[in-house]
Structure formats: C-alpha cells, structure tokens
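Listed below are the residues making up each chain.
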Amino acid sequence: MKRLLVILLLPLTTCFAAVKESDMPYYEVTGVKKNSTLPKNKARIVFHFEEHSGFCLRNLITYKINNVQAADPSLDTLGNYSCNMNAGTYEFEFFATYCNPIKTKKIELKKQTVVNILVHFHSNMGLIEADKPVIYLYPTKETNVSVTLDFKGEMDFSYPVYHTGWNVTAYPGGTLKSGQNEYGYLFYEGKIDLHNLKTNYTQGSVVESSKLISFLESSLASMGLNTKEIADFVTYWAPRMMKNEKNCVHFMLTDAYDQIAGIKVVPTPDNVLRVYMLWDAFDPAHPVLMTKQTFIPIKREGFTVVEWGGSEININPNN
Amino acid sequence: MRFLLFLCCFIILFPGFSQNRKDTTRFVKIGNAPEYEITKTVSNKKNPNTVILNVTFEPYDDDYPRGIKLKIKGKTIEVKPDAYYKFSYRMQPGKFPLEFTSSGSFPLVTDTILFLKGTEVFITVQMKHQVGRAKPMKPVIYLYPEKKQEVNVQFNFNGITTFTYPTYAENGWQLTAHPNGTLEQNGKEYNYLFWEGDMDASLLHVNTSEGSIVAKNELVTFFENSLASMGLNSKEMQDFITFWVPKMQENELNYVHFLVNENYDRVSTLAVNPEPDNALRVYMVWTACHNKQLAMPLRQQIFSPLKREGFTVIEWGGSEVKNLIKDL
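Residues numbered from 1 in each chain as written. Chains lettered and ligands numbered in written order. Predicted model: local features only at pLDDT ≥ 70, side-chain atom pairs only at ≥ 80, totals over all residues.

### Some details on the overall build of chain A
Here comes step 1: A count of helical and extended segments in chain A gives four helices and 22 strands.
Here comes step 2: Buried positions account for 32% of the 319 residues belonging to chain A.
Here comes step 3: The long-range share in chain A, meaning contacts at least 24 apart out of those at least 6 apart in sequence, stands at 80%. (Helix = DSSP H or I, 4+ residues; strand = E, 2+ residues; numbered from the N terminus. Buried ≥ 20, exposed ≤ 12 C-beta atoms within 10 Å, placed from the backbone. Contact = placed C-beta atoms within 7 Å.)

This is the structure we're talking about:
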C-alpha cells in the first residue's frame, strides 16, 4: 500500500508543478452597479478581455451564451465589449485563437445593473524560433568592432561563433574580418518565449501571397534597408511565407527589438536600424483587422548598423 | 478502498491529469500504413438529421497532404482545409467508410464507420507520401567577372520552380556583374541570384555508398573543411552554413552527400553568357540518421579545388531527402 501511494504521489507532484508554472485562464465579475437609466428589464454587460501577449486579442473573439453562439463582439482598442441583455441568469463561454476556452458558472444579471466581467485568456503559445537574426556593420573606415547581445532566449547557433561577444574588423563596404576569414554579417538563432513579447499586434498588414514580395521590398526600403539586405531578407522569408495564401505581418523596430535581444556595439554607431518581423498565416475563420504600420527611414550616415530577424508564429492551437 | 478514494480525489482535483492522458492517444506510426483516428463523437442538437464531420489533417514528415479529395458513398468532395488543416463537412448519416486521396500520398480508406444522425464526429487523418519529394532549397548563384560586364544567366530545373529573386524573366536573368560579386539590375544591387523549387527526389540518383555521417556538433567544421576544399570562399561558406546548420542541428546525426558540378545537372543545369572560365556548383543532399554504423560502409567524398581565376561562377543549394538511407 505504501509503495502504491508513492507511485501515485510522484505524478501528483509533477501535476502541482505544472499548475504553478503557468498563468491560468480565469474570469472574474469585477463589479456590479445599479443604473436606473437602463430600460426596465435590461442589464448591461461589459466584458474586458485580456491576454498577456496581446497577440490572441488581435483575432476575433467569439462567445456563447447558454451554449448558443452569440453575435461576434467587436472589441474596442482597450479590449472592451459591452451590450445590453435581458435580465436573467446566464452562462458564458469565450473563445480566442491560440487560447483554451473559458466557461463561466451561472452569472445573474439583475434588472438595471451594469455588470463588469474580466476575461483573462491564457495563450497556449510558448517558445518560438527567433530565425536568422543577421547583423551588418558599415563603419566609415576600417574599425575594430565588438558586438555583444542580450538575447532574451536560448541561442541555438551563431556564426561566426559568438562566445561572449563578437570581435571583428569591419570595413566600409560591410565586409567583416575575423582571423583569416571574411564574413558578410554576424548570424545567430535561438528560441524565445512569445509570452515575453509586448507589442501591438493589431498594427501590421494582411498580405496576399502574390503581393508579398513587393510588400516586403517597399516596407523594408521605407525603413532604410538597402537592396542587398532586402534580398537577404526576402529570399529567406518569402519562400516560407508564400505557402500561405495570405499572411499577417507585423514589424517590431529598433526599440521594440530589445525584447528579442538587446545589442551593444563598440564603438557606438551613429545610426542603428533593427527590424524584427512576426508573421503567421491568415486564418479566414478568424478574420483580422490590422492597421497599417508606417516607418521613417533611417539616415545611412556615419557608422551604420542594420539587423533583421523574425519569427513565424505557427503554434497549432491543438498542441 | 482507501486507494480508490485517493484516486478519485486525484482525478477530481487535478484536471491537468486528464489533459496528460489525452497526449498518450497520439499517433502511433505502424509500418507504412496510413493512419486515422476518431478522436471524439458529440451530439449536435442543432442539426438533428445530419452528421457534421470534422477532419484534422496531421503532417507526415512535417509535410501536409495537398490536393485532397474525400469520397463518401461514391461522391467525391474536394477538401479545402483551413489554415490549421481542419475541414468540416455536413453529410447524411449512415454506415460507410471514408476514402481520402491526395496527390503524392497513399490513399487512405477508413474502416466502415457508423455515423449517427445529430452527431458531430471528429477524426484525425495522417496521409503518407508515396514518392519522396525534394525541395531544392536556396540555390544561390554568385558571379565574379574579371571586369564589370553584362551577364545573362539561365537555369533549367528538373522540377517546378516556386520562387526566384530577383524575378527570373523569360530569357533569364540579365544584369551587370562587378568583379567583387555585386550584381546590378534596374538600379538595385544584389549579392546573388536565388531560386527555389520542388522536385521528385528519385531524380537525384544519390549514390548512398558515398558520403559522410556528421554529428551535430561537428557540422560547422565539416562544412568549413569540405567547402573550402572545393574552393568556396569564407563569405559563400557563411551563407551556406548559416542556412543549413540551424536546420540540420535538430538531428544528432546527419548523412551528407554532395552532388558537385556535372552531378548538379540532375537538379538543374546552368547557362551563363559570356561563358565563365571556372565554375563550381555544389548541391548537398542530407537526411537525419540514427546510427554512425550504416548497413553499407561509406566511402568519403573527395574534391579537387576550383581555381578561382578569370570569370568565376559559384552555385550552391541542397535538399533534405527523408529516408534516403537505411541505417541499422
């Protein structure tokens, strides 16, 4: 019997660990207020949706009332949705892409009250690949340059090898020398936790496959990348992205890029441009509204540093 | 009794436990047989007289089936899965098998399934490839003329080209090449010409008695040595290594075989005008393997280095070809 208990307790402890680690989905009635301006038999319900990364709220949230599909809520920019309902007792169930659904217990909506409900989704997205960040260095004269990164994930690969930093001799044309070898760029790759990214995913573009190349070319050029850098970017990403009919594309620029990896270049460059692209397949079942991002091109004067990378967000919600 | 009580508490208290259990019902691959699984049947009161069929397609070797058709009682339906490879279909109840076909996969016929009216049936399907496909990835072409000159480059690929950059015109790429390798077209500068495609892996005719088995932590050194011995410079090697190593290091061991120069023609031929003085074309075929010891002993491939003199052209590309070799 004792032995049996031990066997049973072992998975139990791992269960505990699993529950503790993750930020769980929940809902909460955050307030009930009387409001006599409402029609006599009505109550007003105000949902506030939140999800840590904000990514899941970019897509349409759907919900059911007493197991019946309700009209799709259109969220305001703060993640709120409100509507008037007949007073009564209801059960709600909420659905968001990449998240487990949340089902409430019975909630009573009393006549002429405003009921606030907080719905906190937990996305089941986790580690994603941070693919091919490459760094180009263009000093005005032959310069010994050191580059150190504060990568917010786990580095899988670097070339030339990163060790505790890169030390290279950089030339105005962009050629980097380390020992006998010449390189065109510094390369690293790794995994990052999507939960740690904070950015406004509602900004960006939904791009058709046939327009992808010209979209990437014009977006990157408008940021200040040159045609060689654009070719590296396009030939790396476009073949992967063109498998989808449409993609959602969001760019994180220089300051936001620090969430992927901070960078320190010595001597200090005059101009830095860092471009990180997040993308995923557009899902016709969950249409997305995105507002276009606009960019101000950097001045490519003095010692210029350019970096680009990206991640496909391809977590199957069933996994 | 105490034990039972404990078990009950355990299940009630920890919903996570039931989730863990779900994981164990994943696909078990048996031989070459196609797989399917009915994961769930629920009642659907909204449609009391019909059946909703929900199909989820699982990838096989990281690849999803294409051009899927579903045959139900002699009627063929074109299957258009959504972004998550799911497909829903409303049908009449009855007792019949489902027949899935797809271009390039083995057909999959399920057992006879009883579909009751007013239900929703969830089924997961995994279709297996019939013929190995190879995706020639990132063939890139570098041109180094002796002086700035107009160059025309045409390639003839033994498959379907899916992507080119800069855009490949009907009469090929027409551009101005500079001695340092910079290529100019319509005021834009490039370092290389790029194309990618899809071909039948059997056309590669890889002689698998030659090649190398490389451990993941030796990949970089292996490529640096092999590619340098062929005559690639360190910038070209960097492009090669940063492209392939991140993909290959997911495997503990890889089998690597190079198709060099005339052997590259099995993938594609290259015509450059004016004719280059020297050309080196390196195509790498690779696959994961699980044992250093193969059924057949491997002969190491040896290369003679290219002379980088005169107008030099370099091309490299590669394909992962799954199940290319049999290991012990």
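### Quick word on the sheet that holds strand β15 (residues 176-178) of chain A
All names here are of chain A.
Here comes step 1: One open sheet holds the five strands; their spatial order is β16-β15-β14-β12-β20, and the pairing between them is antiparallel. Lying at the two open borders of the sheet, with one neighbouring strand each, are β16 (181-183) and β20 (261-266). Between one strand axis and the next, the sheet turns by 35 degrees as a mean value, whatever way the strands run.
Here comes step 2: In this structure, strand β12 (residues 143-151) lies alongside β20, joined through six bridges in antiparallel fashion. Across the sheet, Ser-146 pairs through a bridge with Val-266, a residue of β20. (Pairing = 2+ DSSP bridges. Axes fitted to C-alpha atoms, helices over the stretch in contact; angles between N-to-C directions.)

### Description of the packing of helix α2 (residues 212-223) of chain A against helix α3 (residues 227-241) of chain A
A pair of packed helices can be characterised by two numbers: the angle between their axes and the separation between those axes.
Residues and elements named next belong to chain A.
Here comes step 1: Interhelical geometry of α2 versus α3 gives an angle of 145 degrees and a closest axis separation of 10 Å. Here α2 and α3 pass one another in a crossing that is right-handed. The residues of α3 that touch α2, namely those facing Leu-212, Ile-213, Leu-216, Glu-217, Leu-220 and Ala-221, are Ile-230, Phe-233, Val-234, Ala-238 and Met-241.
Here comes step 2: For the contact of α2 with α3, the residue count by class is 10 nonpolar, no polar and one charged. (Left-handed = near helix turned anticlockwise from the far one by under 90°. Nonpolar A, V, L, I, M, F, W, Y, C, P; charged D, E, K, R; others polar.)

### Examining the pairing of strand β3 (residues 66-72) of chain B
All names here are of chain B.
Here comes step 1: Taken together, the four bridges between β3 and strand β7 (residues 99-103) define a ladder with antiparallel strand orientation. What sits directly across from Lys-71, in β7, is Glu-99.
Here comes step 2: Linkage of β3 to strand β4 (residues 75-78), two consecutive antiparallel strands, is achieved through a turn of two residues, within which Lys-73 is found at a positive phi near 45 degrees.

### Section: the environment of Trp-244 of chain B
Residue and element names in this part refer to chain B.
Here comes step 1: Within the secondary structure, Trp-244 is located in helix α4 (residues 234-248).
Here comes step 2: By C-beta crowding, Trp-244 is classed as buried, having 21 other C-beta atoms within 10 Å.
Here comes step 3: Among all residues touching Trp-244, those that are not within four sequence positions of it are Met-284 and Gly-318.

### Section: the packing of helix α3 (residues 219-230) of chain B against α4 of chain B
Residue and element names in this part refer to chain B.
Here comes step 1: Where α3 contacts α4, the axes come no closer than 10 Å and their chain directions differ by 145 degrees. Handedness of the crossing formed by α3 with α4: right-handed. Here Leu-219, Val-220, Phe-223, Glu-224, Leu-227 and Ala-228 of α3 come into contact with α4, specifically with Met-237, Phe-240, Ile-241, Val-245 and Met-248.
Here comes step 2: When the residues that make up the contact of α3 with α4 are grouped by side-chain class, the tally is 10 nonpolar, no polar and one charged.

### A few points about the pairing of strand β17 (residues 186-193) of chain A
Both faces of the sheet carry side chains from a regular strand, because those side chains alternate between them.
Residue and element names in this part refer to chain A.
Here comes step 1: Where burial is concerned, most of β17 is hidden: six out of the eight residues are buried.
Here comes step 2: Judged from the six bridges that link them, strand β13 (residues 153-159) and β17 form a sheet pairing that is antiparallel. In the sheet register, Glu-154 faces β17, and the bridge partner there is Lys-191.

### A short note on the confidence of the model for chain B
Here comes step 1: Mean pLDDT for chain B: 84, with 85% of residues reaching 70 or above.
Here comes step 2: Within the model, pLDDT remains below 50 along residues 7-33 of chain B, and this stretch shows 14 contacts once partners closer than five positions in the same chain are excluded. (pLDDT = per-residue confidence, 0-100.)

### Observations regarding the confidence of the model for chain A
Here comes step 1: This prediction gives chain A a mean pLDDT of 85; 86% of its residues lie at or above 70.
Here comes step 2: Here residues 5-22 of chain A is modelled with pLDDT under 50, and outside its nearest four sequence neighbours on either side it reaches nine contacts, counting other chains as well.

### Observations regarding the sheet that holds β7 of chain B
Here comes step 1: In space, the four strands of this open sheet follow the order β4-β3-β7-β8 (chain B), with antiparallel pairing throughout. Of all strands in the sheet, those with a lone pairing partner are β4 and β8 (108-109) of chain B, marking the two edges.

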